[in-house]
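Observations on chain architecture
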Amino acid sequence: MGFFDKKFCDVCGEKIGLLGNRKLEDGNLCKNCAKKLSPFFSERRASTVEEIKQQLAYREENKRQLAFFNPNHIIGTDKRVYIDENSHKFIVASSSSWRECNPDIIDISQVTSCNIDVKENKEEIKRTDAQGNKVSYNPPRYKCEYVFNVIINVNSSWFSTIKFELTSFDRRPDSRYTDLFRDYERQADELKRALVPSLYGNSYYNNTNYNQNQQSQYNAQQRYQQQQSYSNEQHNMNYQSTMPQSRMWVCQHCGSQNTGKFCESCGSLQPQSMTNAYNGRAISYRCDKCGWTPSDPNNVPKFCPQCGDVFNENDIN
């Protein structure tokens, strides 16, 4: 058969239009029939025409059973888990008009595991220096967001895994220590208890106990951070008491305010320190990469004009 030969769906018999064919192991499937398959089904190309017909029959019966499905427990934001605790069944859908989408009705006894994968997306925040270059802060700063992914494994004839994001795409936590992060932790724990009660406890989630446990963990964390902060402050006070007091100075290269002999942002040496930083002797600069020397040791550029290397303590003669 040629590429442009007419093809017909082996399920419904309708003519398949251009780019509308969905290949099966032993036949063809039109896109209209393919839309009726379970959204969690991923083995279409390895399925036979007979297996697809059986699944479509299952999907029609599933649609009929939705009329008797009455959820009284809902977990999630964009993608939600609707649980009918009276019949011990649940569905996963992203629309409030879920009956029209024909989501698969799954018995809770079919669930073999429910896992939550918390993924951290971290991106470094950089600043613009005096030359217009993007450089890192010292210490580096980061923008974070956390994604809660749900993986439900089920014992079904048509699919074995359900994956979706519990967090909302436009409302992801930016820290592990926010109320929003703890709320998603609560939802994740609630979901695991509801779908795998034999492993995680009673399916009727005890919100009070969870909140008390989370508050206890939060209080312990706060006490630990306060102790660490107090310890660091004491260490800094002890350290600073042994160091000579320094006056504030402004770096002539990047404009940062500093108290030490070197700029905390770009590493430049304090101008007045050039004669006393090394036991009172006068110093000069010489690029350790190409050998270039500035004519004025009190006005050293940030970068070598010949090779672009950064001037720092390694270039001091």
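If you're wondering where the values come from, they're calculated on a predicted model, not measured in any experiment.

Quick look at the confidence of the model for the protein now. Averaged over all residues, the pLDDT of the protein equals 82, while 77% of them reach at least 70. Mean pLDDT in the protein bottoms out at helix 5 (residues 207–241), which sits at 55, and peaks at strand 8 (residues 106–107), which reaches 97. Overall, residues 239–244 carries pLDDT values under 50, and its contacts beyond four positions in sequence, including any with other chains, amount to one contact.

It helps to recall that an α-helix has 3.6 residues per turn; residues three or four apart then point in one direction. Here helix 2 (residues 49–65) is 17 residues long and its end C-alpha atoms lie 25 Å apart, about the 24 Å a rise of 1.5 Å per residue gives. The set of residues buried in helix 2 consists of Val-49, Ile-52, Gln-55, Leu-56, Arg-59 and Asn-62. Down the axis of helix 2, the smallest arc covering the buried residues is 130 degrees, so these residues share one side.

Our focus in this paragraph is the side chain of Asn-28. By the element assignment, Asn-28 lies in strand 4 (residues 28–30). A polar contact is formed between the side chain of Asn-28 and the side chain of Asn-21, at a distance of 3.0 Å. Once residues within four sequence positions are removed from consideration, Asn-28 is found in contact with Lys-7, Phe-8, Cys-9, Asp-10, Ile-16, Asn-21, Arg-22 and Lys-23.

With that settled, the discussion passes to the sheet that holds strand 10 (residues 134–154). Taking strand neighbours across the sheet as the criterion, the three strands line up as 9-10-11 in an open arrangement whose pairing is antiparallel. The outermost strands of the open sheet, each flanked by one partner alone, are strand 9 (111–128) and strand 11 (161–165). Going across the sheet, the axis of each strand differs from the next one's by a mean of 25 degrees, ignoring polarity. Two strands pair when backbone bridges link them, and strand 10 and strand 11 are joined in this way by five bridges, in the antiparallel orientation. Across the sheet, the residue bridging to Asn-153 is Thr-161, located in strand 11. Packed on one face of the sheet, helix 3 (residues 179–195) meets strand 9, strand 10 and strand 11 and runs near 165 degrees to strand 9.

Once that is clear, we can look at the pattern of salt bridges. Taken as a whole and assessed by the stated rule, the structure comprises nine salt bridges. For Asp-189, the salt bridge is made with Arg-193, and the minimal N-O distance between the two is 2.7 Å. Of this pair, Asp-189 and Arg-193 both sit in helix 3, four residues apart, roughly one helical turn. Given the relative accessible area of 28%, Arg-193 is considered partly exposed. Here the residues in one salt-bridge network are Glu-145, Glu-165 and Arg-172, joined through shared partners.

Here we come to the sheet that holds strand 6 (residues 80–84). Across a sheet, paired strands are connected by hydrogen bonds in the backbone, their directions being either parallel or antiparallel. Spatial strand order, 5-6-7-8: four strands in an open sheet with antiparallel pairing. Edge positions in the sheet fall to strand 5 (73–76) and strand 8, since each has one partner strand and no second. By the bridge criterion, four bridges tie strand 5 to strand 6 in an arrangement that is antiparallel. By the bridge assignment for strand 6, Gly-76 is matched with Arg-80. Lying on the sheet, helix 3 is in contact with strand 5, strand 6 and strand 7 (89–93); it crosses strand 5 at an angle near 135 degrees.

Ile-83, Phe-90, Ile-152, Ile-162, Phe-164, Leu-191 and Leu-195 are the most contacted members of the largest nonpolar core, which has 29 residues in total. Of all the secondary structure elements, the ones that give two or more residues to this core are strand 6, strand 7, strand 9, strand 10, strand 11 and helix 3. Residues Cys-9, Cys-30, Cys-33 and Ile-52 belong to the second largest nonpolar core, which totals 12 residues.

As a further point, take unusual backbone geometry. The residue after Asn-138, namely Pro-139, is reached through a cis peptide bond having omega 0 degrees. For Pro-139, the location among the structural elements is in strand 10. Backbone geometry places Leu-19, a non-glycine residue, at a positive phi of 65 degrees. Here Leu-19 shows up in the loop between strand 2 (15–16) and strand 3 (21–23). Under the relative-accessibility criterion, Leu-19 is labelled exposed at 78%. Residue His-88 is not a glycine yet carries a positive backbone phi of 60 degrees.

Turning next to the pairing of strand 7. Within strand 7, four of the five residues are buried, which leaves the element mostly enclosed by the surrounding structure. Pairing between strand 6 and strand 7: five bridges, direction antiparallel. Along strand 7, the bridge assignment pairs Tyr-82 with Ile-91. Connecting strand 6 to the antiparallel partner strand 7 that follows it, the hairpin turn spans four residues, and His-88 within it adopts a positive phi of roughly 60 degrees. Where strand 7 lies against strand 8, two bridges are found, and the strand directions are antiparallel. The partner of Lys-89 across the bridge, within strand 8, is Asp-107.

Rules and cut-offs
Residues numbered from 1 in each chain as written. Predicted model: local features only at pLDDT ≥ 70, side-chain atom pairs only at ≥ 80, totals over all residues. Heavy atoms only, no water. pLDDT = per-residue confidence, 0-100. Helix = DSSP H or I, 4+ residues; strand = E, 2+ residues; numbered from the N terminus. Contact = heavy atoms within 4.5 Å. Expected span 1.5 Å × (residues − 1). Buried < 20%, exposed > 50% of the residue type's maximum accessible area, 1.4 Å probe, protein only. Arc of directions from axis to C-beta. Polar contact = N/O pair within 3.5 Å; in protein donor to acceptor, adjacent residues only side chain to side chain. Pairing = 2+ DSSP bridges. Axes fitted to C-alpha atoms, helices over the stretch in contact; angles between N-to-C directions. Salt bridge = Lys/Arg side-chain N within 4 Å of Asp/Glu carboxyl O. Core = buried A, V, L, I, M, F, W, Y, C linked by side-chain atoms within 4.5 Å.

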